[in-house]
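Now for the letters of each chain:
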Amino acid sequence: MLTLKSSLLIRAILIASLLLSAFGAVPAQTPAPTPQRPKDATKPPGQEQNPSVPPGSQPATQNPTAPPGTQQTSPTTPPGTQPTSPTAPPGTNPASPTSPVPQVSPSTGGETSQDPRDPVIPIFQAKPVPPLPDMTRLGVGNTSLPLSLNDAIKRALENNNDIEVARDDVRYQETQLRSLEGIFDPIFSITPQLDKRVTPVQNIFAGAGTSGQVGNTTFSWNPAVTKQFGKGGGNYQVLFSNSRTTTTATNSTLNPFYSSNLSLNYNQPLWRNRSIDNNRRQIRIQRKRVEQSDADFRLRTIDTITRVQQAYWEVVFALRDQQNQLENLNLTRENLRNVEAQIAAGAKAPLERAEVLTELASRETALLTAVQNVSIAENNLKQLIFKEPTSPDWSSQITPTDNPTFSETPINLDDSMKEARENRPELRRLRLQAEINNIDLTFFRNQTKPQFDLQGTVATTGLAGTAAATLPAGTPIPLISGDPNTQANAFLLAQIQDIQRRAIFPVATVPNVLSPALTANDLVGGYGKTLSNLGSLNTYNVTVGVAIQIPFKNKTAEANLAGANILREQLVASTRSTEQSVEVDVRNSAQAVESSRRRVLSARSARVNAELQLEGEQRLYQVGRSTTFLLFQRQNALTNARASELRAQTDYNKALADLQRATATTLRVNNVTVETPTAP
C-alpha cells in the first residue's frame, strides 16, 4: 500500500511539475526582435524572407518542424526554455532530453518509467483547398446590364407603372376640364318634323264646309344656334323656323303656304350669376384640380426617383459587400493553403486545420448571405425600372456604373427649409385647395343675391303660298251664280226671272263683275317668296323685359356659404399641420445626411486603422509572435470596417436622395423636366 501511495504521489508531483514547466516556458518561447531583412517589392508585406521557408518561420533560428510561435533554443537560451516537439499541441512545452517526462508504462500498472523515448512524428499530406461556393443566382444569367443612375431614373420614368398611373390621372383631369369648357361651345340644332292633323270644327268660319273637319299637313325644319358666354353669364339663341302647310279649310286664301321666322333671343344676368355662375365655378375648380393632379404627379415622380436612387445605391452596396466578403474568403483560403503546407512540413499541428476550416465555413456563409442580398437589392431596382414582369432584362445582372459620392461640406438647414416651403407638392396642393375654397365662397356668396335677368327678343316673319282661288284676279264672272237649289242668291234670281216671264216683263240679266283679289300679290309665290318677305322686315316683333326673382329665404345658398367658411378654417389648420410635417421631414432628412457624413469619416478612419492592424498582425504571425485566431480576428475586423464604410457611404447617398425628396429638389438635381399642363 505504501508503494502504491508513493507512486501516486510521485505521479501527481510530476504532472504538476510538467504543467508548471509548460506555463513557465511560454514567456521564454517569445523570441526577441531580430533585424529585418531587405524587403522584396514583389511580395506582400511580411513575406520577404526566404521563399523556401514556410510563412512564419526563420531559417536561421527556427526549427522547421516546430509550429509558428516557438523558437529553437540556442546554447545561450535562458534556463527553462525548451524546444517544442512537433507532435505536441501548440502552446505546450514538453520536457527537454535532460529532464525526461515521466512515461506511464502499461505493464507496470501505472508506474512511471524514466527511460527517454524518441518522438514519433506522423507524416501528413497537404489537403486540397475546398472550391469556392456556388455564387450563381436563381433566374439570373451571365448577361450583364450596365446601368448608370440617370439611366435607371429614365427607365423608371418611362416604364414605372405608378408613374404611368399618375400621368394618366393628369390627362384624365385635363379631359374633364375640356368637357366642362364645352358648355361655351356654340350648339347647332335642327328638328325636321312632319305633322298631319285632322280636327273637327264647330264654327262655320273655320272652313270645314259640310264635312265638319279641317285637315292640315305641316312639314317643318327649325335650325337653331345657341351659345353660352364665358364672361358675363349671358346666353343667346338664333332660331330660324320654317314650315310648309297644306290645308282643307275652304277659307284659306293660300294653299299650300310657306311660313318662316327668324328670331334672336338674349338673356343677360344683371346681379346673381353675372360675375360667376355654376358653370364657370366648375371650370375654375377643375383648372385647380388639374394643377393639383400635376402636383400629385410631381410628388409621385419625386417619390419614384427617390426610390430608384435608394435601390440603386443598395445594389452598389450589395455588390461591393459581396466583393468584400469574397476577398475575405479568399484570404481564408490562402491561410488554409499555407496551414496545409506547414502541417505537411511538420511546422504546425493538424488541429490548426480545424480552426481555419471553421473560419472558412463562417466566411462562406457570410458570402452566400451577401449573394442573397445582391438578389434582393437587384430585384427591388428591377421592379422600379422594368414595365413588364416578362421582360428579358429580369434575367440580366445589373452592373452599376456610378460610384457613391461624398462631400465633407455640411448641410445648410435654412436653405433646405426655404426650398421645401417653395417646392413641396403637398404645400402646393393645399394652396390650390385654398384657391378652390375661395371660388366656392365667391359663388355661394353670389347665390345669396336676388336675380335680375335682362331678356330681349327680336324676330321677323315671312309668309307666301299658292292662291286658293281658281280664277285669277280681274276675271269677269257673273254677279250671281250657282245652283238655285243650294244657293240663296241663285234661288232669288230664279224666282224674279220667273215672275218677269209670267208678267211678260223683260227678264233681268245677271251682270258680270271682275273677280276680286282674295290674296295679296306679295304673298303669292313659293319658298323663295317667303324668304324675300322675311328679309324685307315688313313684319317683325321686338320684346324687351326683365325677369326678377327675390327669394324670401335663401337657405340653400346661405348654408353652402357657411359650409365653405368652415372648410376654409379646416384648410388653414391642415396647412399649419402639413407645414409642421414638412419642417420635421426636412430637419430629419438633413440630420440624416449630416450623421451619415460623420459616419463616413469615422468609418474611413476605422478602415485605415484596421488595415494597419492587420498588416502588423500579419508581420507578427510571419515571425511566430501571433496565432491564427488573432490573425482571423484582424481580418474580420478589417472586413467589418470596410463593410461599415461601404454602408456609411451608401447611407450618405440615400440620405442625400431623401433630403432632395424632402426639399422637392429631386427633379432639378436629376435634370428631370415635368411639363406644366395648360388649360386649352
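Calculation notes
Residues numbered from 1 in each chain as written. Predicted model: local features only at pLDDT ≥ 70, side-chain atom pairs only at ≥ 80, totals over all residues. Heavy atoms only, no water. Helix = DSSP H or I, 4+ residues; strand = E, 2+ residues; numbered from the N terminus. Buried < 20%, exposed > 50% of the residue type's maximum accessible area, 1.4 Å probe, protein only. Contact = heavy atoms within 4.5 Å. Areas by Shrake-Rupley, 256 points an atom, 1.4 Å probe, with all protein chains shown as cover. Pairing = 2+ DSSP bridges. pLDDT = per-residue confidence, 0-100. Core = buried A, V, L, I, M, F, W, Y, C linked by side-chain atoms within 4.5 Å. Axes fitted to C-alpha atoms, helices over the stretch in contact; angles between N-to-C directions. Parallel < 35°, antiparallel > 145°, perpendicular 65-115°, else oblique. Left-handed = near helix turned anticlockwise from the far one by under 90°. Nonpolar A, V, L, I, M, F, W, Y, C, P; charged D, E, K, R; others polar. Phe/Tyr/Trp six-rings, centres within 6.5 Å; stacked < 30°, edge-to-face > 60°. Lys NZ or Arg CZ within 6 Å of the ring centre and 35° of its normal.

**Details of the overall build of the chain**
For step 1, the next point in the chain: Looking only at helices and strands, one finds twelve helices and 14 strands in the chain.
For step 2, the next point in the chain: In the chain, buried positions account for 33% of the 680 residues.
For step 3, the next point in the chain: The contacts in the chain between residues at least 6 apart in sequence include a share of 78% that link residues at least 24 apart.
For step 4, the next point in the chain: Working note: accessible area of the chain is about 39,700 Å², and carbon and sulfur atoms make up 56% of it.

**What to know about the pairing of strand β10 (residues 397–400)**
For step 1, the next point in the chain: Judged by which residues are buried, β10 turns out to be one-sided: Ile-398 and Pro-400 face inward and are buried, whereas Gln-397 and Thr-399, on the alternate face, are not.
For step 2, the next point in the chain: Pairing geometry for strand β3 (residues 144–147) and β10, over four bridges, is parallel. Residue Leu-147 lies in a different strand from β10, and its bridge partner there is Pro-400.

**Thoughts on the environment of Ala-557**
For step 1, the next point in the chain: Following the sequence through the fold, Ala-557 ends up in helix α10 (residues 555–622).
For step 2, the next point in the chain: Separated by 109 residues in sequence, Ala-557 and Thr-448 place their C-alpha atoms 5.5 Å apart.
For step 3, the next point in the chain: Contacts of Ala-557, omitting those with residues within four sequence positions, involve Phe-444, Gln-447 and Thr-448.

**Looking at the confidence of the model for the chain**
For step 1, the next point in the chain: For the chain, per-residue confidence averages 80 on the pLDDT scale, and residues scoring 70 or more make up 79% of the total.
For step 2, the next point in the chain: A low-confidence stretch, residues 1–6 stays under pLDDT 50, and its non-local contacts, those more than four residues away or across chains, total zero contacts.
For step 3, the next point in the chain: In the predicted structure, residues 20–113 sits below a pLDDT of 50 and forms 110 contacts with residues beyond four places in sequence or in another chain.

**Some details on the nonpolar core**
For step 1, the next point in the chain: Formed by 31 residues in total, the largest nonpolar core has its most connected members in Ile-153, Val-308, Tyr-312, Leu-381 and Ile-385.
For step 2, the next point in the chain: For this core, the leading source of residues is helix α4 (residues 278–345), giving ten residues.
For step 3, the next point in the chain: Not counting the four nearest positions on each side in its chain, Leu-381 is found in contact with Leu-147, Val-308, Ala-311, Tyr-312, Val-315 and Ile-398.
For step 4, the next point in the chain: Val-339, Leu-360, Leu-614 and Leu-631 belong to the second-largest nonpolar core, a separate cluster that totals 15 residues.

**As for the packing of helix α7 (residues 425–447) against α10**
For step 1, the next point in the chain: For the pair α7 and α10, interaxial distance at closest approach is 9 Å and the crossing angle is 165°. Considering their axes alone, α7 and α10 lie roughly antiparallel with respect to each other. Note that α7 runs across α10; the crossing there is left-handed.
For step 2, the next point in the chain: Counted by class, the contact of α7 with α10 contains eleven nonpolar, eight polar and five charged residues.

**What to know about the pairing of strand β6 (residues 213–221)**
For step 1, the next point in the chain: The pairing of strand β5 (residues 193–200) with β6 spans eight bridges and is antiparallel. Each residue of the ladder has a partner; that of Lys-196, found in β6, is Thr-217.
For step 2, the next point in the chain: As judged from the six bridges shared by β6 and strand β8 (residues 235–247), these two strands associate in the antiparallel manner. Looking at the pairing, Thr-218 lines up with Thr-245 of β8.

**Topic: the packing of aromatic side chains**
For step 1, the next point in the chain: Considering all chains together, one arrives at ten aromatic pairs under this definition.
For step 2, the next point in the chain: Judged by centre distance (5.4 Å) and plane angle (40°), the ring pair of Phe-219 and Trp-221 falls under tilted.
For step 3, the next point in the chain: Exposure remark for Phe-219: the relative accessible area of 38% places this residue in the partly exposed category.
For step 4, the next point in the chain: Here Trp-221 falls in the partly exposed class, since its relative accessible area comes to 23%.
For step 5, the next point in the chain: Considering the side-chain rings of Phe-386 and Trp-394, the 5.8 Å spacing of their centres and the 65° angle between planes classify their relative orientation as edge-to-face.
For step 6, the next point in the chain: Taken together, the aromatic side chains of Phe-219, Trp-221, Tyr-258 and Tyr-527 make up a single cluster linked through ring pairs.
For step 7, the next point in the chain: Seen from the ring of Phe-317, Arg-647 lies directly overhead, with NZ or CZ sitting 3.9 Å from the centre.

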